[in-house]
Every structure is written in structure tokens, then in C-alpha cells.
Amino acid sequence: MRFDMVIKNGAVVTATDTCAADIGVSGHKVSAIAAQLPIENAGKVVDAAGCLVIPGGIDVHTHLDMPFGGTMSADDFETGTVAAAFGGTTTLIDFAIQYKGQSLREAFDTWMKKAHDKAVTDYSFHCIITDLGSAQLEEMGQLIREGVTSFKLFMAYPGVFMLDDASIFRAMSQAAKHAGLICMHAENGGAIDVIVQRALAEGKRAPKYHALTRPVTAEAEATSRAIALAEMAGAPVYIVHLSCNEALEKVREARDRGLPAYAETCPQYLYLSLENFDVPGFEGAKYVFTPPLREKWHQEKLWQGLAQDTLQVVSTDHCPFCFKEQKELGRDDFTKIPNGGPGIEHRLSLIYTGGVHGKRFSANRFVELVSTAPAKLFGLYPRKGTIAVGSDADLVIFDPNREEIISAKTHHMRVDYSMFEGIHTTGAPRAVFSRGKPVIDAGKFVGRPGAGQFIRRQTYSRM
Ligand code: URP
Ligand code: ZN
Ligand code: ZN
């Protein structure tokens, strides 16, 4: 048998198994896994001694080239997918936003154009619905048939993104009919807006008031309401960027009752806290995103949630805005600071460090959280999210002992600060392959813009 590439001497780690094995790659696919594969005729042999070989990371929550608050997120599909690849992520699911009066298809077409010539690795889209009439309800079924099988709805940002409960319930009922998955931004936007107006009237305008005007109860209430609406509609629900223990408890209760309720958290909620606002002047704007940072004690609850499967996924909610010029837009008023933070590059190393190196869970659970569970929930499995004969050869040679210090000076995201500046990590990718082709090798980008493909996803499957 002839292989285009053989990866030798690594420990192959999937969500379920760890074994010493060689991996044979033919074209875009994994074609053999065995204790010893012949290398005489191999196009290329890669030595993974001392490393784990894991399936490429899947980040199901990114915002590349996205308009927000009068500016655009700072990474486009080229810089964003390059930075993701440096961190071991080889598939993104970004969000195509339907604005008021638009069809869902217009949103999808717009984001396809943004990604097409730029993405260096594979991508797909959820559709954000902000205006739901009968035409858009009909379109949900059509998009699902075309591989856009999940939708994000907002319970926050009244007048911009927020949908009312009736529309949410209609969308969930339609998702139930077509096996789609609703992703929910769960915060009570109405109550938050009143609290925000009160704060502004009292002259509270600094960045930290973004966090202090978005209480945990607003997130817990909306999480509970989203789950109740989904239960009535007979639909699964996926809570995005869950940040606090109160919301986690709502998901736990639902799952204990056997409901198909799922949730993700993000590295910022595991590593950062309200204490990050104790910085001089306007620096706190670096940590303005939604939901906001919480008191430090929530972090350990979220790590436990990941270990116990109350949380199934770690995504990044990568939504970068430069500190200079972009975050600056809100210097005199926290409500004008573009919401979002950069994180696409460091998800795997941060979760490996805190999870596996920190002895909170196994390397298999790490793979499940960053690759396999996202693939299963969002219709990419088993093409992606595992290492098996017939799967795409999206592979990461991951050095579990490599130590790094995160810094804006060395990262590859197109943003002038890091949320995680100075954090020490243990474990980082050494080489990254997307459908069998090298993208990152020895610290260098070796891929090609436009090489990434749009992936038509299957419908959600229950986990
Ligand atoms: O602050 C955030 N999270 N910005 C991105 C939009 C969203 O709600 O996910
Ligand atoms: Zn959101
Ligand atoms: Zn987001």
C-alpha cells in the first residue's frame, strides 16, 4: 500500500482511545491506522515521537469579518483561519448574520463570499436570525437541506439582534421539524438594558460597568427560559458562551431530566474574571465582551462542568477588536465599546493546560471538548472530529510538554493585544494538517488562502 504521508511514532488520541499507532494518509483522507505502516513508498514521513496525534480542533463559535458597533471584527477569514491553525484548529463554524428585512439566503451568500478566497482551512456557518417572518421560517428548512443546520438566536441586544419569545418558539418548532439545532445567546436583554440606562444616568461610564450591568441572574433566567421554550417545541437547544455557575445549574437540571440541552463555555470564562478590570484607565475595555467576566469562583465551577459533561464544548467566541482605534470607540461610554475578545489561537493550549496538565480531565476528554463533541453536535462527525479510516486527515501533532507564554508580541491574530497576555501554557501544536496538506510546520504557516472548503453539515445528532 502506498501512502501520501505516514505519521509515525505518535500516541493517537481520540475521544475514546489512546494508542501508539502510525497513521497513513491518502489524498485528503486517513486511509490506515496500524501499529506499523510501511514507509518505503510513502510520499512523506512525519515523526511524531513524544507527541500526541489528535483530530484537528473544531471551533464552533467565531466572528470573522463581522460588522459590530460601527466597526468590523479585526480578523478576516484569512488572518482568522491562519491564527486558528497555529493553535491546532482546522475547522470553524462562523456566523452569517441576517439583518432586518433580509432573507436568510442573503446572509449565507454574504458570508460565503467573505470566506471563499481567504479561508486556509475548512469552514461552515450557523445563520443568525434577527427577523423571523413566514418566509424566513420556510428558508430554515431549505438551508438545513443545504448544510447550514444550526441557527443562532439572541435573547439580548434589544432592537439589534434580540428576538421575542414567540419568534424564538417558532424558530425552535421549525428546527425540531427539520432536525436543526438552535444556538442561544441567553441573557435577559430587556432587564439588562434598564440596568444599563440607570448606570449611565448615574455617570458610570467606565469599561467595568459593562460587566456590572449584566448580572448572572439575567443569564440564568434566559438560560432557563431557552430550555423551557425548547422543551415545549420538542427541540434540542445549545447555549452559547455560558459564563457562570447559575446558568450552568440550569443546564445541569435540564440534562438531569433527560432533555437535549447542551452548552459551551470559552477560555476567557475559565481563565479571566472581574479582577481583570482592576487595570488603569481604559485598559479594561480589552475585557468587554458578552456575557461578561464573572467573579473568580465561577471558573472552577465551569471546569467541573467540563469534566462532568454538563458542558460539552469549548469554543472561543473569537470576536477581535483592536484596543487602539476600535475599543477606543467607547472611551467615554462603555455601551459604545465593541463587544468581543480575541481567542481563536489559544483554545487548545489553554484547555490542555488547565484540563489535562491541571489534572481536571483526561487527554481523551480534551479531544472530546475541542473536536469530537462539536463535530457530533454540529453534523461534522465522523468526517471530522476523530481519527478513523475515511475521516478527513485534519490532524494535529501536539507536543504535550511544550511550554509557551501567550503574548500579543508573538500571536498571529490581527489584533494589538491578548486577553491572555502572560499566561503560561503547557502543550502546543508542533504541526497541523488540513485534509492531508500541511498548514503549520515548525512554527511557520505553509498553507494557502482559499484552500479551505465550505463544509455542508449533516443535521444535529443527539449525544
Ligand atoms: O461580546 C461578544 N460575545 N461578541 C460577539 C457576539 C456574541 O454575542 O457572541
Ligand atoms: Zn452571543
Ligand atoms: Zn459570539
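So, a few notes on the structure that sits alongside this text. (Residues numbered from 1 in each chain as written. Chains lettered and ligands numbered in written order. Predicted model: local features only at pLDDT ≥ 70, side-chain atom pairs only at ≥ 80, totals over all residues. Heavy atoms only, no water.)

A few words now on the coordination of the zinc ion (ligand 3). His-61 (NE2), His-63 (NE2) and Asp-317 (OD) make up the full set of protein donors to the zinc ion (ligand 3), lying at 1.9 to 2.1 Å. Because the angles between the 4 donor atoms bound to the zinc ion (ligand 3) fall within 88 to 130 degrees, the donor set is best described as tetrahedral. Spacing between the donor residues of the zinc ion (ligand 3) along the chain follows H-x1-H-x253-D. Metal-to-metal, the separation of the zinc ion (ligand 3) and the zinc ion (ligand 2) is 3.9 Å. The pair formed by His-61 and His-63 is uniform in burial state, with each residue classed as buried. (Donors = N, O, S within 2.8 Å, 3.2 Å for Na, K, Ca; no water. Tetrahedral: all angles 85-135°; square planar, octahedral: opposite > 155°, others 65-115°. Buried < 20%, exposed > 50% of the residue type's maximum accessible area, 1.4 Å probe, protein only.)

Here His-116 shows up in helix α2 (residues 104-116). Between the alpha carbons of His-116 and Glu-78 there is a distance of 9.7 Å; along the sequence they are 38 residues apart. Those residues in contact with His-116 that sit more than four places away from it in its chain are Tyr-123 and Gly-450. (Helix = DSSP H or I, 4+ residues; strand = E, 2+ residues; numbered from the N terminus. Contact = heavy atoms within 4.5 Å.)

A few words on the nonpolar core. Counting residues in each nonpolar core, the largest one holds 123 residues, and the members touching the most others are Met-140, Met-172, Met-184 and Phe-366. By residue number, the principal contributor to this core is helix α7 (residues 216-233), which donates 8 residues. The residues touching Phe-366, leaving out its near neighbours within four places in the chain, are Ile-54, Leu-348, Ile-351, Tyr-352, Val-356, Phe-361 and Phe-398. Counting residues in each nonpolar core, the second largest holds 17 residues, with Val-25, Val-53, Ile-387 and Ala-393 among its members. (Core = buried A, V, L, I, M, F, W, Y, C linked by side-chain atoms within 4.5 Å.)

Turning to the coordination of the zinc ion (ligand 2), a few remarks are in order. The protein atoms donating to the zinc ion (ligand 2) are Lys-152 (NZ), His-185 (ND1) and His-241 (NE2), with metal-donor distances spanning 2.1 to 2.2 Å. Each donor residue of the zinc ion (ligand 2) lies on one chain, and together they are spaced K-x32-H-x55-H. According to the relative accessible area criterion, His-185 is buried, its value standing at 1%. For His-241, a relative accessible area of 2% translates into the label buried.

This part takes up the pairing of strand β16 (residues 395-405). Both strand β5 (residues 52-55) and β16 contribute to a ladder of 4 bridges, which runs antiparallel. Note on β16: the bridge partner recorded for Pro-55 is Leu-395. As judged from the 8 bridges shared by β16 and strand β17 (residues 424-434), these two strands associate in the antiparallel manner. For Ile-405, the partnering residue across the bridge sits in β17 and is His-424. (Pairing = 2+ DSSP bridges.)

Under the defined criterion, the tally for this structure stands at 24 aromatic pairs. Taken together, a centroid distance of 5.7 Å and an interplanar angle of 80 degrees make the contact between Tyr-157 and Phe-161 edge-to-face. Tyr-157 gets classed as buried once you look at its relative accessible area, which sits at 17%. Judged by relative accessible area, which is 7%, Phe-161 ranks as buried. Here the basic side chain of Lys-114 rests over the ring of Trp-111, its NZ or CZ set 4.6 Å away from the ring centre. If you follow Lys-286 out to its NZ or CZ, it ends over the ring of Phe-323, 5.1 Å from the centre. (Phe/Tyr/Trp six-rings, centres within 6.5 Å; stacked < 30°, edge-to-face > 60°. Lys NZ or Arg CZ within 6 Å of the ring centre and 35° of its normal.)

Taking 1.5 Å of rise per residue, 15 residues should cover 21 Å, and helix α12 (residues 363-377) covers 20 Å from first to last C-alpha, within 8% of that figure. Its maximal kink placed at Leu-369, α12 deviates by approximately 50 degrees. For α12, the buried fraction is high: 13 of the 15 residues fall into the buried class. Within two residues after α12, Gly-379 carries a phi angle of roughly 75 degrees, on the positive side. (Expected span 1.5 Å × (residues − 1). Bend = angle between axes of the 7 residues up to and from the residue.)

Bringing the site of ligand 1 into the picture now. Neighbouring residues of ligand 1: His-61, His-63, Lys-152, Phe-154, His-185, His-241, Phe-289, Thr-290, Asp-317, Cys-319, Asn-339 and Gly-340. His-61 places a side-chain nitrogen or oxygen 3.4 Å from an oxygen atom of ligand 1. One nitrogen or oxygen atom from the main chain of Thr-290 is found 2.8 Å from an oxygen atom belonging to ligand 1. In isolation ligand 1 offers 270 Å² of accessible surface; the protein chains occlude 99% of this area. Looking at the shell around ligand 1, its residues break down into 3 nonpolar, 7 polar and 2 charged. (Near = heavy atom within 4 Å. Polar contact = N/O pair within 3.5 Å; in protein donor to acceptor, adjacent residues only side chain to side chain. Areas by Shrake-Rupley, 256 points an atom, 1.4 Å probe, with all protein chains shown as cover. Nonpolar A, V, L, I, M, F, W, Y, C, P; charged D, E, K, R; others polar.)

In short, shape yes, function no, at least from these values alone.
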